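# Structural overview
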There are 2 protein chains.
Amino acid sequence: MSTIKDVAKLANVSIGTVSRFINGYKIKQENSLRIEEAIEQLNFKSNPMARGLRTNKTLTIGVLIPRITDVFCTQVIEGIEEILNPLNYGIVICSANDNLEQQTEKLSYLREKFVDGIIVMPVTSSEFEADEIVNRGIPIVLVDRLVKGYEFDAVICDNVNGAYSAVEMIINKGHRKIAVIGGPEEIFTAQERLTGYLRALNDYNIEVKEEYILHSPYTKNGGIQAINQLLDLEDPPTAIFTTNYPITVNSMKVLMERNLVMGEAISLCGYDQTELFQMFNPPVSVVVQPSREIGIHAAEILLKRMSDDQSRFPHIQRLKTQLIETESVKSMI
Amino acid sequence: MSTIKDVAKLANVSIGTVSRFINGYKIKQENSLRIEEAIEQLNFKSNPMARGLRTNKTLTIGVLIPRITDVFCTQVIEGIEEILNPLNYGIVICSANDNLEQQTEKLSYLREKFVDGIIVMPVTSSEFEADEIVNRGIPIVLVDRLVKGYEFDAVICDNVNGAYSAVEMIINKGHRKIAVIGGPEEIFTAQERLTGYLRALNDYNIEVKEEYILHSPYTKNGGIQAINQLLDLEDPPTAIFTTNYPITVNSMKVLMERNLVMGEAISLCGYDQTELFQMFNPPVSVVVQPSREIGIHAAEILLKRMSDDQSRFPHIQRLKTQLIETESVKSMI
DNA sequence: TTGTAGGCGTTATCAC
DNA sequence: GTGATAACGCCTACAA
């Protein structure tokens, strides 16, 4: 492997000049040409570790997500890549495996790796431990969820109005018995979505019934118990708003098992994962989050912070969701 | 940020001793204790760049996949993480975005990042450019596909027998008019799956009909044209073997649009993505690849090569697939 | 077992 | 503009 020393020798200049050339400083054109040629000939690539040792920059950012197999997460990553790859940033991806302990672990792992910045989609909104990272001055941008106890830049969705639009649509189709399967009460997005549900009912003067409001863990099997509970009610709802992907999927599964046709016997509106849900018959109404854009914005904010621009901190950016309306919600009118 | 120098001062030993302590060499217990305490107190973390500069190791491996939003890819990554994270390896993930040019680009990007090893799932089986990486002695392990022109370690699936088992099952259910929608002829896995199809027909003495063999690109919209073409045949097949995920998905979509019930009017057997396909009614028969295991094995082989164990090169490991049999293939008997 | 010192490949600060 | 040179933090002979 050749170094700037070799380049300098071949080009007959000092290593200082080569370094300056590489970093885009002014150089006599004659030297510039010779250096360029030498670099080409030696196939020289500057050593990122040596550079990092001097500059304290790794040109690497860390991305910590709850789970790498989650489509929403990977779409966010795609957005991040879109911005950061052209700038030659490397992206170290860590998955917390839906596990708070691992999240803390990976977070401190990223710190030890000396990444220049971190984008985190927290597992939950509570229990976030990032003092050391903050102290070291490594910028963090949150994605999708805020956390308690810290002020960070963040890119999140307008969950309140996302949920509101869904419930409003259900109401407008003539439903009055509308249930919701929300997420765990400690999760930020879950709280917001529930707020949207309540606000819509309220705005349309529909009585809120306790038994129509259920909570379910945000796990792979979430929602199964809840939907069964709803269907078993003496006075079951005519429409159900399922507030995340697994809950929606599992609810559909239960409906099928019970031979209840979605959009006929019972109406359903879900969240996320539009592509998949549009394959069903009928397609599923869903609130869609602009996942890729979330990644793009998060990367842009992080870039700004990494270049030491601390203006408008904390910059909390809220993106709008989109409602896809299909026959999975029956018109009662 | 504290350095071993600070630790040395605080512990009243030389930096050499501290370094030796960190790297697990023998040390007088008394010193060992004091160093440990000093490290704790200063919250010392050794600087990976300084270390890397000396040792020429980054403790980082690169993973290059066709597309980060592909579930198969992320499951492979999950397997890789399972092995490499406990060993403190960082994983830099690059997506080629299904694009050969980007694959080459990212590959050389990884080289410039001085990763210790690379796991690649190639976009196609042809056109792979890795001379520089090979020359630098950075080990590469292929996943899912082999490439022309290079000998690399690899972890792949037994596509021939995977496809064979699917077609055999279809035959055993009494079908004789069996079509296949294969992938592009230059893709390794596509070739193998087609071979499996042909071999099964052959073994069961079923005539191979040209018009039942179609090729489709391995892209997001793959298969749409092909399945339509098959359904429009004068003598259409009674069963179709769709050889990857998008082709299967899109075929199902077309069936729905045409009001053909899967498992009744037409039988279908697909590939990959079992979880999703099991949600449909009827669930879809599929050949399942052990994606997570692929990642695990690839990481293990890479680890071996990175520790300079060159035995049994090239180590090409073939994993078996599993067939999930459902009513999406109608029994004609 | 320990301390000392040289060097890994860069960048940055001097003089010139 | 350029060349010489001192860091950056760590590892590793080498000598003690």
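As a starting point, this report considers the structure included with it.

Calculation criteria
- Residues numbered from 1 in each chain as written.
- Chains lettered and ligands numbered in written order.
- Predicted model: local features only at pLDDT ≥ 70, side-chain atom pairs only at ≥ 80, totals over all residues.
- Heavy atoms only, no water.
- Near = heavy atom within 4 Å.
- Polar contact = N/O pair within 3.5 Å; in protein donor to acceptor, adjacent residues only side chain to side chain.
- Nonpolar A, V, L, I, M, F, W, Y, C, P; charged D, E, K, R; others polar.
- Pairing = 2+ DSSP bridges.
- Helix = DSSP H or I, 4+ residues; strand = E, 2+ residues; numbered from the N terminus.
- Axes fitted to C-alpha atoms, helices over the stretch in contact; angles between N-to-C directions.
- Contact = heavy atoms within 4.5 Å.
- Expected span 1.5 Å × (residues − 1).
- Buried < 20%, exposed > 50% of the residue type's maximum accessible area, 1.4 Å probe, protein only.
- Buried area = accessible area lost by both parts, 1.4 Å probe.
- Salt bridge = Lys/Arg side-chain N within 4 Å of Asp/Glu carboxyl O.
- Core = buried A, V, L, I, M, F, W, Y, C linked by side-chain atoms within 4.5 Å.
- Least-squares fit on C-alpha atoms with pLDDT ≥ 70 in both.
- Lys, Arg positive; Asp, Glu negative; His and termini not counted.

## Quick word on the protein's contact with DNA strand C
For DNA strand C, the set of nearby residues contains 27 residues, the closest of which are Ser19 of chain A together with Thr17, Arg20, Asn31 and Arg54 of chain B. Near the protein, within 4 Å, the atoms of DNA strand C are sugar or phosphate in 62% of cases. A distance of 2.8 Å separates a phosphate oxygen of DNA strand C from a polar atom in the backbone of Ile4 of chain A. Within the surface near DNA strand C, the residues separate by chemical class into 8 nonpolar, 11 polar and 8 charged.

## A closer look at the sheet that holds strand β8 (residues 239-242) of chain A
Across a sheet, strands are paired by hydrogen bonds formed along the backbone, either parallel or antiparallel in direction. Residue and element names in this part refer to chain A. The strand order across the open sheet formed by 6 strands is β7-β6-β8-β9-β10-β12, and the pairing between neighbours is mixed. Among the strands making up the open sheet, the edge pair consists of β7 (213-215) and β12 (322-324). With strand direction ignored, the average angle separating the axes of adjacent strands in the sheet is 15 degrees. Here strand β9 (residues 267-271) pairs with strand β10 (residues 285-288) via 3 bridges, running parallel. Opposite Gly270, over in β10, you have Val286 as the bridge partner. In the packing of helix α8 (residues 159-172) onto the sheet, contacts are made with β6 (178-182), β8, β9, β10 and β12, and the angle to β9 comes to roughly 165 degrees. Helix-sheet contacts for helix α10 (residues 224-231) involve β6, β7 and β8, and the interaxial angle to β6 is about 160 degrees.

## Description of helix α9 (residues 188-203) of chain A
All names here are of chain A. Between its first and last C-alpha, α9 extends 23 Å over 16 residues, near the 22 Å set by a 1.5 Å rise per residue. Buried within α9 we find Phe188, Thr189, Ala190, Glu192, Arg193, Leu194, Gly196, Tyr197, Ala200 and Leu201. Looking at the buried residues of α9, the elements they touch are β5 (153-157), α8, β6, β7, β9 and β11 (316-319). At the exit of α9 stands Asn205, carrying a positive phi of roughly 55 degrees.

## Structural notes on the interface of chain B and chain A
Chain B puts 49 residues into the contact, and the matching count from chain A is 49 residues. Here chain B packs against chain A, burying approximately 4,400 Å² in sum over the two surfaces, 63% of which is carbon and sulfur. Looking at the side of chain B facing chain A, the largest losses of area belong to Met49, Phe114 and Met279 of chain B, adding up to 16% of the total buried there. Summed over the shared surface of chain B and chain A, the number is 4 salt bridges. Of the charged contacts in the structure, one is a salt bridge between Arg67 of chain A and Glu78 of chain B, with a shortest N-O distance of 2.8 Å. The interface formed by chain B and chain A includes 19 residue pairs in polar contact (both at pLDDT 80 or more). If you list the elements that add at least two residues to the side of chain B that touches chain A, you get α4 (48-55), α5 (71-84), β2 (90-95), α6 (100-112), α11 (245-257) and α12 (274-277) of chain B. Per-element accounting of the side of chain B that touches chain A gives the leading share, 6 residues, to β2 of chain B. Here the side of chain B that touches chain A is composed, by residue class, of 20 nonpolar, 15 polar and 14 charged.

## Quick look at the nonpolar core
Ranked by internal contacts, the top residues of the largest apolar core, which has 96 residues, are Tyr197 and Phe241 of chain A together with Tyr197 and Phe241 of chain B. Excluding its chain neighbours within four sequence positions, the residues that come into contact with Phe241 of chain A are Ala163, Ala166, Val167, Ile170, Ala179, Val180, Ile181, Cys269, Gly270, Tyr271 and Val287 of chain A. Counting residues in hydrophobic clusters, the runner-up holds 57 residues, among them Cys73 and Ile93 of chain A together with Ile301 and Leu302 of chain B.

## Quick look at the relation of the copies chain B and chain A
What relates the two chain copies is a rotation about an axis together with a slide along it. When chain B is brought onto chain A, the operation consists of a screw motion whose angular component is 180 degrees and whose axial shift is 0.0 Å, with 0.1 Å RMSD remaining. Both copies of the chain, as the preceding transformation shows, are related through a two-fold rotation axis. Mapped onto chain A, 100% of the interface residues of chain B are again interface residues, and the two copies thus contact each other with one and the same surface.

## As for the pairing of strand β4 (residues 140-143) of chain A
Residue and element names in this part refer to chain A. Residues Ile140 and Leu142 line one face of β4 and the alternating positions Val141 and Val143 line the opposite face, and both faces are buried. Taken together, the 3 bridges between strand β3 (residues 117-120) and β4 define a ladder with parallel strand orientation. Looking across to β4, one finds that Ile118 is bridged to Ile140. Taken together, the 3 bridges between β4 and β5 define a ladder with parallel strand orientation. Note on β5: the bridge partner recorded for Leu142 is Ala154.

## Observations concerning the protein's contact with DNA strand D
Residues in close proximity to DNA strand D total 25 residues, the closest being Thr17, Asn31 and Arg54 of chain A together with Ile4 and Arg54 of chain B. Of what DNA strand D places within 4 Å of the protein, 62% of the atoms are sugar or phosphate. Within the side chain of Arg54 of chain A, a nitrogen or oxygen atom sits 2.4 Å from a base nitrogen of DNA strand D. Between DNA strand D and Ser19 of chain B, the relevant distance is 3.0 Å, taken from a phosphate oxygen to a side-chain nitrogen or oxygen of the residue. Taken together, the elements giving at least two residues each to the surface near DNA strand D come down to α2 (15-22) and α4 (48-55) of chain A together with α2 (15-22) and α4 of chain B. Per-element accounting of the surface near DNA strand D gives the leading share, 5 residues, to α4 of chain B. In the surface near DNA strand D, the residues fall into 9 nonpolar, 10 polar and 6 charged.

## Let's talk about the side chain of Lys173 of chain B
All names here are of chain B. Position of Lys173 relative to the elements: it lies in the loop between α8 (159-172) and β6 (178-182). Comment: no salt bridge for buried Lys173; closest opposite-charge side chain is Glu325, at 4.2 Å. Aside from chain neighbours lying at most four places away, what touches Lys173 is Glu325, Thr326, Val329, Lys330, Ser331, Met332 and Ile333.

## Here we look at the pairing of strand β5 (residues 153-157) of chain B
Each regular strand shows side chains that alternate between the opposite faces of the sheet. Residues and elements named next belong to chain B. Among the 5 residues that make up β5, 5 are buried, leaving the element largely enclosed by the rest of the structure. Burial along β5 is two-sided: Asp153, Val155 and Cys157 facing one way and Ala154 and Ile156 facing the other are all buried. In this structure, β5 lies alongside strand β11 (residues 316-319), joined through 4 bridges in parallel fashion. Considered in β11, the bridge of Ala154 is made with Ile316.

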